[in-house]
Amino acid sequence: MSTTAPSNGFIVTVTQTPTVQATALREGDTFTLLGDDSPLTILARRRHLQPLWLLTLEDQDAPITLRDDEPIRPLRMLRAFDLTCQLCGRTAQHVLDLPVHGIPQTWVCSQH
């Protein structure tokens with residue numbers, strides 16, 4: 001567990017695992033394939049055939065195909081979370097980079 005200190009309080013997070021399944025990826029995410037350290041950034045993602053995704057990547061001539069359950073190593077996965085302050089009940093949206101900040105568990109706003 002760790003804490004992230006946004007300008008409006010602090011968020012308690014749990015570290016994201018070093019690998020996730022390809023199905024967790026979205027447009028804008030950056031990742032590497034296992035055994036390859038070259039960062040890949042997703043420009044577009046669409047379902048190819050169940051259970052395959054066709055990914056168009058930045059600086060790549062041809063798209064790649066990944067299975068839903070293929071393990072990848074995330075480098076950047078920005079996600080927005082609506083979190084409720086555990087002390088006053090106020091709700092606010094926070095954007096976290098999951099590989100850097102972790103998965104949010106709870107938030108306490110700066111008014112406490």
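One can find the structure itself at the top, above this paragraph.
Residues numbered from 1 in each chain as written. Predicted model: local features only at pLDDT ≥ 70, side-chain atom pairs only at ≥ 80, totals over all residues. Heavy atoms only, no water.

## Details of the side chain of Arg79
At step 1: Secondary-structure assignment places Arg79 in strand β9 (residues 78-84).
At step 2: Judged by its relative accessible area of 7%, Arg79 is buried.
At step 3: Reaching out from Arg79, the side chain makes a polar contact with the side chain of Asp29 at a distance of 2.8 Å.
At step 4: Ignoring sequence-local partners within four residues, the contact set of Arg79 consists of Ala24, Leu25, Arg26, Asp29, His94, Val95, Leu96 and Leu98. (Helix = DSSP H or I, 4+ residues; strand = E, 2+ residues; numbered from the N terminus. Buried < 20%, exposed > 50% of the residue type's maximum accessible area, 1.4 Å probe, protein only. Polar contact = N/O pair within 3.5 Å; in protein donor to acceptor, adjacent residues only side chain to side chain. Contact = heavy atoms within 4.5 Å.)

## Some words on the sheet that holds strand β7 (residues 64-67)
At step 1: Here six strands make up an open sheet; going across it, the order is β3-β8-β4-β5-β6-β7 and the pairing antiparallel. Edge positions in the sheet fall to β3 (20-21) and β7, since each has one partner strand and no second. (Pairing = 2+ DSSP bridges.)

## Details of unusual backbone geometry
At step 1: For the bond from Gln50 to Pro51, the omega torsion is 5°, close enough to zero to count as cis.
At step 2: You can see Pro51 is positioned in the loop between β5 (40-47) and β6 (52-57).
At step 3: Although it is not a glycine, Asp59 sits at a positive phi angle of roughly 60°.
At step 4: Tracing the backbone through its elements, the reader meets Asp59 in the loop between β6 and β7.
At step 5: Under the relative-accessibility criterion, Asp59 is labelled exposed at 73%.

## Some remarks on the packing of aromatic side chains
At step 1: Inspection of every chain in the model, using the stated rule, returns zero aromatic pairs.
At step 2: Across from the ring centre of Trp53, 3.7 Å away, lies the NZ or CZ of Arg45, which sits over that ring.
At step 3: Positioned above the aromatic ring of Trp53, the side-chain terminus of Arg47 is 4.1 Å from the ring centre. (Phe/Tyr/Trp six-rings, centres within 6.5 Å; stacked < 30°, edge-to-face > 60°. Lys NZ or Arg CZ within 6 Å of the ring centre and 35° of its normal.)

## Topic: the nonpolar core
At step 1: In this structure, Val20, Ala22, Leu25, Phe31, Leu40, Ile42, Trp53, Leu55, Leu57, Leu66 and Ile72 together form the largest nonpolar core, which totals eleven residues.
At step 2: Contributions of two or more residues to this core are made by β5 and β6.
At step 3: Among the elements that make up this core, the one with the highest residue count is β6 (three residues).
At step 4: If near-sequence neighbours (up to four positions away) are discounted, Trp53 is found in contact with Thr23, Arg45, Arg46, Arg47, His48, Ile64, Thr65, Leu66 and Asp68.
At step 5: The next biggest cluster of nonpolar side chains, apart from the first, holds eight residues, and it includes Leu83, Cys85, Trp107 and Cys109. (Core = buried A, V, L, I, M, F, W, Y, C linked by side-chain atoms within 4.5 Å.)

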